[in-house]
Amino acid sequence: MKAVIFDLDGVITDTAEYHFLAWRHIVEQIGIPFDRSVNESLKGISREKSLENILIRSGAEAKYTNAEKQDLLHEKNKYYQTLISKLTPEDLLPGIGRLLCELKGEKIKIGLASSSRNAPEVLKRLEIINDFHAIVDPTALANGKPDPEIFLTAAVLLGVSPADCAAIEDAEAGIAAIKSAGMFAVGVGHEQSMHDADLIVRQTCDLSFDVLNEEWKSYRINIVQK
Ligand code: BG6
Ligand code: MG
């Protein structure tokens, strides 16, 4: 294991909840019902694609012009940015600060593969941006998760082969992207949405260098034996 690539929202900090609150605020204003199960299917998905999915689900896609959709996207992001403006280092999810320290101590490269254009701002507010050797710019990609492009790009930027990377995600689309990239997939959350992951932990505080490294070793042995 030469590199660990992190998703951001819902892995490093609980901004997955902020995306939920921002979408709910915008979508309910236009009379579309929105709950956590709809939100679950949007995790890891770009802002534009998320709105498209929300409108398609409620049969409202044709009701809005492109300009109106742009306004909704702008409003969602404005609301989201108000929420993240209050983030501090205290908002790191449990165990993440410790894990970053352990990885640095082990000279493991650290990358970020987040679909969020707000990711650099979030990392700055959490005061961990300097811990990352590479941060993928999602606007430079042709395809979003579940396509592997974002994880493969992170590996290129880190100068590490995908087979030597582990990646951590909280979304089904993210786990699919990691597996398609040929990496060791770590899922944070409930087993049902993380079933394709190579290692599942319930919470971020269960993550540590030792846990990742041990599971990584058995995973590699299994691959070699196959
Ligand atoms: C992902 C989130 O990390 O980023 C999605 O899981 C979000 O919920 C996406 O839609 C895009 O984020 P942003 O900040 O560019 O709107
Ligand atoms: Mg996420």
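Treat the numbers as computed from the prediction; the structure is a model and nothing was measured.

Novice: For this particular structure, what's the right way to read the pattern of salt bridges?
Specialist: Pairs may arise between side chains of opposite charge once their charged atoms sit close together. In total, this model carries 14 salt bridges according to the counting rule given. A salt bridge links lysine 179 to aspartate 198, with the shortest nitrogen-to-oxygen separation between them at 2.7 Å. Within this pair, whereas lysine 179 is found in helix α8 (residues 172-180), its partner aspartate 198 is found in the loop between β5 (184-188) and β6 (199-201), the two being separated by 19 residues in sequence. Among the residues examined, lysine 179 registers a relative accessible area of 29% and is labelled partly exposed.

Novice: What is the right way to look at the domain arrangement of the protein in this model?
Specialist: Many structure descriptions define interface size as the accessible area lost when the parts assemble. Domain boundaries in the protein define domain 1 (3-13 + 93-225) and domain 2 (16-84). The C-alpha centroid of domain 2 is placed 25 Å from the C-alpha centroid of domain 1. Tallying the contact residues gives 13 residues for domain 1 and eleven residues for domain 2. Summed over both sides, the interface between domain 1 and domain 2 buries roughly 1000 Å², with carbon and sulfur atoms accounting for 45% of that surface. Per-residue buried area on domain 1 facing domain 2 is highest for Asp9, Arg117 and Asn118; these three make up 43% of the total on that side. The tally of links between domain 1 and domain 2 comes to one salt bridge. Glutamate 48 is paired through a salt bridge with arginine 117; the nearest N and O atoms lie 2.7 Å apart. Linking domain 1 with domain 2 are six residue pairs in polar contact (both at pLDDT 80 or more). Broken down by element, the side of domain 1 that touches domain 2 gets its largest block of residues, three residues, from helix α6 (residues 119-126). Looking at the side of domain 1 that touches domain 2 residue by residue, the classes come out as three nonpolar, four polar and six charged.

Novice: I tried to follow the coordination of the magnesium ion (ligand 2) on my own but got confused; where do I start?
Specialist: Tetrahedral coordination by four donors sets the ideal angle at the metal to 109.5 degrees; octahedral coordination by six donors sets it to 90 or 180 degrees. Within the protein, Asp7 (OD), Asp9 (O) and Asp170 (OD) serve as the donor atoms for the magnesium ion (ligand 2), at 2.1 Å. Between consecutive donors of the magnesium ion (ligand 2), the numbers of intervening residues give the motif D-x1-D-x160-D.

Novice: How should the pairing of β5 be read in this particular structure?
Specialist: Regular strands show a simple pattern: their side chains alternate between the two faces of the sheet. Along β5, five of the five residues are buried, which leaves the element largely enclosed by surrounding structure. Burial along β5 is two-sided: the residues Phe184, Val186 and Val188 and Ala185 and Gly187 are all buried. Examined bridge by bridge, strand β4 (residues 165-169) and β5 share four bridges and lie parallel to one another. Note on β5: the bridge partner recorded for alanine 166 is phenylalanine 184. Note on the crossover from β4 through α8 to β5: the handedness is right-handed. Pairing between β5 and β6: three bridges, direction parallel. Following the sheet pairing, glycine 187 is matched in β6 by isoleucine 200.

Novice: Explanation requested: the side chain of threonine 204 in the structure shown.
Specialist: Its place among the elements puts threonine 204 in the loop between β6 and α9 (209-225). Within the structure, threonine 204 has its side chain in polar contact with the backbone oxygen of proline 94 (distance 2.7 Å). Once you skip the residues sitting within four places of it in the chain, threonine 204 turns out to touch Val11, Leu93, Pro94, Gly95, Ile96 and Val188.

Novice: I keep staring at the environment of leucine 123 and nothing clicks. Help me out?
Specialist: Residue position: leucine 123 is located in helix α6. A relative accessible area of 0% places leucine 123 in the buried class. Leucine 123 sits 28 residues away from phenylalanine 151 along the chain, and the two C-alpha atoms are 18 Å apart. Residue contacts for leucine 123: discarding those within four places in its chain leaves Leu8, Ile12, Leu112, Ile128, Ile129, Phe132 and Ile135.

What counts, and at which threshold
- Sequence order sets the numbering: in each chain, residues are counted from 1 along the sequence as written.
- The lettering of chains begins at A and the numbering of ligands begins at 1, in the order of writing.
- Local features in this predicted model are restricted to residues of pLDDT 70 or higher, and side-chain atom pairs are both shown and tallied only at a pLDDT of 80 or more, whereas totals for entire chains, interfaces and linings draw on every residue.
- Derived side-chain values reflect all non-hydrogen atoms in the structure, with water molecules and hydrogen atoms excluded from consideration.
- Every case where a carboxyl oxygen of Asp or Glu lies within 4 Å of a side-chain nitrogen of Lys or Arg is listed as a salt bridge.
- Numbered from the N terminus, helices here are DSSP runs of H or I no shorter than four residues, and strands are runs of E no shorter than two.
- The classification of residues rests on relative accessible area computed with a 1.4 Å probe and restricted to protein chains. Under 20% of the type maximum is buried, over 50% is exposed, and intermediate values are partly exposed.
- Domain boundaries shown here were taken from an automatic or database domain assignment.
- Throughout, a contact is declared for two residues whenever any of their heavy atoms are within 4.5 Å.
- A quick way to say it: buried area is the sum, across both parts, of accessible area lost when two parts are put together, with a 1.4 Å probe.
- Distance and chemistry together define a polar contact, namely a pair of N or O atoms within 3.5 Å, with one atom able to donate a hydrogen and the other to accept it when in protein, and with adjacent residues in sequence counting only for side-chain atoms on both sides.
- Under the grouping applied here, Gly and all other residues not named as nonpolar or charged are polar, the nonpolar ones being Ala, Val, Leu, Ile, Met, Phe, Trp, Tyr, Cys and Pro and the charged ones Asp, Glu, Lys and Arg.
- Metal donors: N, O and S atoms at distances within 2.8 Å, or within 3.2 Å for Na, K and Ca, with water omitted from the atom set so that some sites may seem incomplete.
- At least two DSSP bridges between two strands are required for those strands to pair.
- Assignment of crossover handedness uses the view with strands pointing away from the viewer, where a clockwise path from the first strand over the helix to the second indicates a right-handed crossover.

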